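Geometric and topological summary
So the chains spell out like this:
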Amino acid sequence: MATQTCAICGAEINLLQQQQLGDGNYICRKVCAKRTMKDFDPFHATLHEVQAHIKQLEEGTKIWNQLFKAKPIKKKLKYPGRGYVAVSEELGLMAKLEPHYKFFIFGKYYLANVYRIADLYGYELEKGPAGIGDLMGRKSNKDVKYPSIHYYFWDTEGMADFHGYLGTQPYTKAKKYYDTLFGIQKTLGNIGNTWKNQMTAIKATANAIKTTVSGEGAEAEGTEAAEAIDRAMYGDRTEWIAKAEAAMAKYQP
Ligand SMILES: [Zn+2]
């Protein structure tokens with residue numbers, strides 16, 4: 001039987017202990033594969049991605065323990081959707097949690113990936129197999145049969161997207177929560193903020209077109225226009241970036 005070498009720790013690994021990665025490398029199941037989250041998919045990951053995720057998880061767990069679990073912060077954590085995705089508006093950070101049990105329920109602890117709220121650009125409802133809502137016969141809530149929120153993050157090494165299980169929570173509630181964080185309010189009753197952003201975007205675009213015609217400073221105007229359109233679509237992230245930077249300045253690796 002062909003033995004392989006673990007590309008991370010260098011251990012000799014027999015067939016049963018081999019985990020092949022998407023790029024053809026092997027890692028050991030015994031140690032290195034266990035340093036990833038359970039829903040990390042090694043089959044489609046490169047060695048670089050696995051290593052980035054391991055680093056993300058180790059650092060994230062430290063950040064969770066140091067910053068999120070501090071008393072005044074912990075009390076105000078929000079769990080949009082359902083468990084296992086925790087948001088701290090104070091820190092400007094959010095965490096994907098994975099529970100582990102040392103000894104029955106008493107030894108419960110979490111591993112965590114930590115993300116900047118500012119980098120969250122997608123939180124979409126994912127169609128999937130029938131969720132718990134259908135099994136429980138609660139068909140009156142049309143969101144219930146869709147079981148998860150697919151989260152996507154910008155500028156993130158390691159696991160840059162994941163699924164947050166919704167359970168019986170309606171998706172609309174979680175979506176509204178995130179939309180509000182970023183000032184993206186699409187219902188007519190709350191048009192204020194978005195409307196202002198859209199006007200800025202339209203004005204900037206119009207200006208960019210004018211300058212392109214006249215040929216002066218077109219590049220700077222174009223960038224400004226693109227940024228304004230981003231703000232209209234994704235909301236203004238300036239405040240969230242500042243919060244995350246302030247929080248991370250207190251973190252001691
Ligand atoms: Zn290994």
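Residues numbered from 1 in each chain as written. Predicted model: local features only at pLDDT ≥ 70, side-chain atom pairs only at ≥ 80, totals over all residues.

Let us look at the overall build of the protein chain. Within the protein chain one finds seven helices and ten strands. Relative to its full complement of 253 residues, the protein chain shows a buried share of 30%. Across the protein chain, contacts joining residues at least 24 apart in sequence account for 47% of those joining residues at least 6 apart. (Helix = DSSP H or I, 4+ residues; strand = E, 2+ residues; numbered from the N terminus. Buried ≥ 20, exposed ≤ 12 C-beta atoms within 10 Å, placed from the backbone. Contact = placed C-beta atoms within 7 Å.)

Assignment of secondary structure puts Gly60 in helix α1 (residues 47–68). Not counting the four nearest positions on each side in its chain, Gly60 is found in contact with Ala95, Ala112, Asn113 and Val114.

The next subject is the sheet that holds strand β10 (residues 161–165). Taking strand neighbours across the sheet as the criterion, the three strands line up as β8-β9-β10 in an open arrangement whose pairing is antiparallel. Two strands bound the open sheet, and with one partner strand each, they are β8 (120–126) and β10. Between one strand axis and the next, the sheet turns by 25 degrees as a mean value, whatever way the strands run. Sheet topology places strand β9 (residues 148–153) next to β10; five bridges connect them, and they run antiparallel. Paired with Ser148 across the two strands is Tyr165, which belongs to β10. (Pairing = 2+ DSSP bridges. Axes fitted to C-alpha atoms, helices over the stretch in contact; angles between N-to-C directions.)

Our next topic: α1. Along its 22 residues, α1 runs 30 Å from first to last C-alpha, staying within 8% of the 32 Å computed at 1.5 Å per residue. For α1, the complete set of buried residues consists of Glu49, Val50, His53, Ile54, Gln56, Leu57, Gly60, Ile63, Trp64, Leu67 and Phe68. The inward-facing, buried residues of α1 contact β4 (26–28), α2 (71–75), β5 (85–88), β6 (93–101), β7 (108–116) and α7 (238–250). (Expected span 1.5 Å × (residues − 1).)

Attention now goes to the sheet that holds β5. Spatial ordering of the open sheet is given by β5-β6-β7, a layout of three strands whose pairing is antiparallel. The open sheet terminates on both sides in strands that have one partner only, identified here as β5 and β7. The mean angle between the axes of side-by-side strands here comes to 30 degrees, regardless of whether they run parallel or antiparallel. Bridge count between β5 and β6: four bridges; the pairing is antiparallel. For Ala86, the partnering residue across the bridge sits in β6 and is Ala95. Seen against the sheet, α1 touches β5, β6 and β7 and runs at an angle of roughly 100 degrees to β7.

Here we take up the confidence of the model for the protein chain. With 71% of its residues at a pLDDT of 70 or more, the protein chain shows a mean pLDDT of 81. Considering only residues more than four positions removed or in separate chains, one finds that residues 186–192, a stretch of pLDDT under 50, has four contacts. (pLDDT = per-residue confidence, 0-100.)

Another point: the nonpolar core. If you look at soluble globular proteins, the nonpolar side chains tend to sit buried side by side. Ala86, Leu93, Met94, Ala95, Val114, Ile117 and Leu120 are the most contacted members of the largest nonpolar core, which totals 31 residues. When residues of this core are traced back to their parent elements, those giving at least two are α1, β5, β6, β7, β9, α4 (171–181) and α7. Excluding residues within four positions of it along the chain, Leu93 makes contact with Ser88, Val114, Tyr115, Arg116, Ile117, Ala244 and Ala247. The next biggest cluster of nonpolar side chains, apart from the first, holds 14 residues, and it includes Cys6, Leu21, Leu57 and Met159. (Core = buried A, V, L, I, M, F, W, Y, C linked by C-beta atoms within 7 Å.)

Not every positive phi belongs to a glycine, and Asp155 is a case in point at roughly 45 degrees. As for its placement among the helices and strands, Asp155 is situated in the loop between β9 and β10. We classify Asp155 as exposed; it has 10 C-beta atoms within 10 Å.

Right, let's talk about the pairing of β6 for a bit. Hairpin connection from β5 to β6: four residues lie between these consecutive antiparallel strands, with Gly92 at a positive phi of about 75 degrees. Where β6 lies against β7, nine bridges are found, and the strand directions are antiparallel. Bridging across to β7, Leu97 finds its partner in Ala112.

Mapped onto the elements of the fold, Ile73 is located in helix α2. C-alpha of Ile73 to C-alpha of Glu90: the two residues are 17 residues apart in sequence and 6.9 Å apart in space. Beyond its immediate chain neighbours, meaning those up to four positions away, Ile73 contacts Leu67, Phe68, Ser88, Glu90 and Leu91.

Further remarks concern α4. Every buried residue of α4 is listed here: Tyr171, Ala174, Tyr178 and Leu181. What you see down the axis of α4 is that its buried residues fit within an arc of 95 degrees, all on one side. Across from the buried face of α4, at angles greater than 90 degrees, the exposed residues are Thr172 and Lys173. As for α4, its buried residues are in contact with β8 and β9. (Arc of directions from axis to C-beta.)

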